[in-house]
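# Reading the structure
The chain contents come next:
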Amino acid sequence: MTELGAGVRRRMLLRSFCVQGSWNYQTLIGTGLAFILAPALRNVYAGDGDALARALGRHTELFNSHPYLAAVAAGAIARLEAERVPPETVARFKAAVRGSLGTLGDRLVWLMWRPMSVLLGVSLVLAGAAWWVGALAFLLVFNALHLWMRAWGLKAGLRDGLQIGGTLRGVPFQQMGNRAAQAGALLAGFAAALAAAPRGSHPWQWGAGLAAAILGIALGRRVRAVAVGALLLALAAGLVLART
Amino acid sequence: MSPTALQTAVLAVLGGLVALDGTSVGQFMVSRPFVAAALGGLVVGRPALGIGIGVLLEALHLAVLPVGASKYPEGGPPAVAAGAVFAASQTTAVATSGTVLVAVLLALGFEWVGGWTVERLRQFNVRLAGAPPEGLSPGRLARRQGAGIAADFARGAVLTLLAVLAMDAVLSMVDFSGFPEIPLATLLRLAMVAGLASALRLFGRGNYPLFIAGAAAGAVVAWLR
């Protein structure tokens, strides 16, 4: 097996931040995955330009995963390539992991961690903190998980290769998601209450805020469309009133 | 007041970088509306006003999930433009609800335009996909990846520039003095509350008790201040 040095690993990690640079409807992040793998493949196929080109070409094929967990796949594939595992086996491995890496990351990061972190930042701003405190708190909390996922993912992939499935099952992603959801629900209530009641607000404003919160929960994702409709109506009414 | 020519140029570059952060490079989430709007406000010297409008945009963007090949509105570049133009347009520290309303509606409109341009970019990027039978050299692969990133930056910069110019033109054209302040301010606030509360659906209805506990804590803080 060809050892991949620290420099190669560092370049792979940095390139993982651009994995979605050429996202497209045909191969999704296939080109991006090959882009991450290039430093490792240069090492593995040193002195054989044709084999390197063919390997890079193979890895531009269809691939998808959550962007933060693409490093897991890249690490494992780099290890398989270093062990000179047959391309068919590598292709089967890629097909096997891409669905789970997508679902796992989407649920934990987009559905739970990011809204929770956003609500933390927004809550701080609504509570009266300086703008940069809210923004910084969000960025720090969100990126703590983000950066860990990329760095850990690459390391685990390189270490475990084909066994990465077992490693992923051992990480408590589900529990992390559940904890984030609990914190997020708490923060959503906190932020909604702060937004509902401006300084010196009247009881009717509290009542209207409660009604809006209930409506928002009932509408879920449709709240955006309903809010846009209401704001457009308000604009039309405002324009009419301003003219009269 | 309007952003100066130099500020507009800086905003376009910032919009391009924020667009990259949204998908192509980094994904550190600087592109979230409330952060992007604060940065837009910072460019014109009023980040606090920028984040004010950003929080409202964020509340309406919480449920947008960029999962897989889904199509979704793009929040970052329009928030940069809205934060900057709105902050620059305010001659006093207190924002008028009419300007907030128009800036938010324009930003939401540009979010849809942004989402449409993202789709077009992804179709354009299909040309960068796959490889010939003989494979790809590392240099050629890097150029393909770089082309997609450069196109995304240009897209975000142009989108932000157009949004800044359009928002500035509309905000300077409309006379908001006759707009009813209290009803509009209330409606904007309620839209924010509904957006923030809708996030509970992401976290699961089983977490209702925690939502209520958070709301009680928020009510106490609001009452004390």
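Nothing here was measured: the structure is a model prediction, and the numbers come from that model.

A few words on the overall build of chain A. Across its full length, chain A carries 10 helices and zero strands. Radius of gyration (C-alpha) of chain A: 24 Å, far over the 18 Å computed for a compact globule of 244 residues. With the principal axes as the frame, chain A shows a C-alpha extent of 80 × 40 × 30 Å. Look at the contacts in chain A between residues 6 or more apart in sequence, and 72% of them connect residues 24 or more apart.

Across its full length, chain B carries nine helices and zero strands. Secondary structure elements of chain B, listed N to C terminal, follow the sequence α-α-α-α-α-α-α-α-α. Reported as C-alpha extents along the three principal axes, the dimensions of chain B are approximately 70 × 50 × 25 Å. Out of the 225 residues belonging to chain B, those deemed buried represent 59%. Contacts spanning at least 24 positions in sequence make up 80% of the contacts within chain B whose residues lie at least 6 apart.

Interface size, as often reported, equals the accessible area lost upon joining of the parts. Parsing chain A into structural domains produces domain 1 (6-196) and domain 2 (198-244). Computed over C-alpha atoms, the centres of domain 1 of chain A and domain 2 of chain A are 38 Å apart.

All names here are of chain A. At a minimum axis distance of 10 Å, the contact between helix 1 (residues 6-16) and helix 4 (residues 70-82) shows a crossing angle of 145 degrees. Every pair of crossing elements has a handedness; the one defined by helix 1 and helix 4 is right-handed. Mapping the contact onto sequence places Met12, Leu13 and Ser16 in helix 1 and Ala70, Ala71, Ala74 and Ala78 in helix 4. Partitioned by chemical class, the residues of the contact of helix 1 with helix 4 number six nonpolar, one polar and no charged.

Turning our eyes to something else, we now look at the nonpolar core. Core analysis: the biggest nonpolar cluster contains 157 residues, and Ala82(B) and Ala103(B) have the highest contact counts within it. Here this core takes 16 residues from helix 5 (residues 87-126) of chain A, the largest share from any one element. When residues of this core are assigned to domains, at least three map to each of domain 1 (6-196) and domain 2 (198-244) of chain A. When neighbours within four sequence positions are excluded, Ala103(B) is seen to be in contact with Ile53(B), Ala82(B), Val85(B), Phe86(B), Met167(B) and Leu171(B).

With that out of the way, let us pick up the interface of chain B and chain A. In this complex, chain B contributes 85 residues to the contact, which on the side of chain A involves 85 residues. Counting only elements with at least two residues in the side of chain B that touches chain A, the list comes to helix 1 (5-24), helix 2 (33-43), helix 3 (47-59), helix 5 (97-125), helix 6 (138-173), helix 7 (181-198), helix 8 (200-203) and helix 9 (208-224) of chain B. Split by residue class, the side of chain B that touches chain A holds 55 nonpolar, 21 polar and nine charged.

With that settled, the discussion passes to the environment of Val8(A). Residue and element names in this part refer to chain A. Along the chain, Val8 turns up in helix 1. In this structure, the C-alpha to C-alpha distance between Val8 and Ile214, residues 206 residues apart in sequence, is 53 Å. Excluding residues within four positions of it along the chain, Val8 makes contact with Pro39, Ala40 and Asn43.

Residue and element names in this part refer to chain A. Although it is not a glycine, Leu28 sits at a positive phi angle of roughly 55 degrees. Secondary-structure assignment places Leu28 in the loop between helix 1 and helix 2 (30-44). According to the C-beta neighbour criterion, Leu28 is buried, with 23 such atoms within 10 Å. One non-glycine residue, Arg84, lies in positive phi territory at about 60 degrees. If you trace the backbone, Arg84 turns up in the loop between helix 4 and helix 5.

If you trace the backbone, Val104(B) turns up in helix 5. Taking the C-alpha atoms as reference points, Val104(B) and Leu190(B), 86 residues apart in sequence, are found 14 Å from one another. The contact partners of Val104(B), leaving out residues within four places of it in the chain, are Leu231(A), Ile53(B), Leu56(B) and Leu57(B).

Take the confidence of the model for chain B next. Chain-level statistics for chain B give a pLDDT mean of 92 and a share of 97% at 70 or above. Interface scoring of the predicted complex returns ipTM 0.94; its pTM is 0.94.

Turning our attention to helix 9 of chain B. Each α-helix winds once per 3.6 residues, and so residues spaced three or four apart point in a common direction. Its 17 residues give helix 9 of chain B an end-to-end C-alpha distance of 24 Å, which sits within 8% of 24 Å, the value for a rise of 1.5 Å per residue. Buried-residue contacts for helix 9 of chain B involve helix 8 (173-196) of chain A together with helix 8 of chain B.

Parameters at a glance
Residues numbered from 1 in each chain as written. Chains lettered and ligands numbered in written order. Predicted model: local features only at pLDDT ≥ 70, side-chain atom pairs only at ≥ 80, totals over all residues. Helix = DSSP H or I, 4+ residues; strand = E, 2+ residues; numbered from the N terminus. Rg over C-alpha atoms; globule rule 2.2 N^0.38 Å. Contact = placed C-beta atoms within 7 Å. Buried ≥ 20, exposed ≤ 12 C-beta atoms within 10 Å, placed from the backbone. Domains from an automatic or database assignment. Axes fitted to C-alpha atoms, helices over the stretch in contact; angles between N-to-C directions. Left-handed = near helix turned anticlockwise from the far one by under 90°. Nonpolar A, V, L, I, M, F, W, Y, C, P; charged D, E, K, R; others polar. Core = buried A, V, L, I, M, F, W, Y, C linked by C-beta atoms within 7 Å. pLDDT = per-residue confidence, 0-100. Expected span 1.5 Å × (residues − 1).

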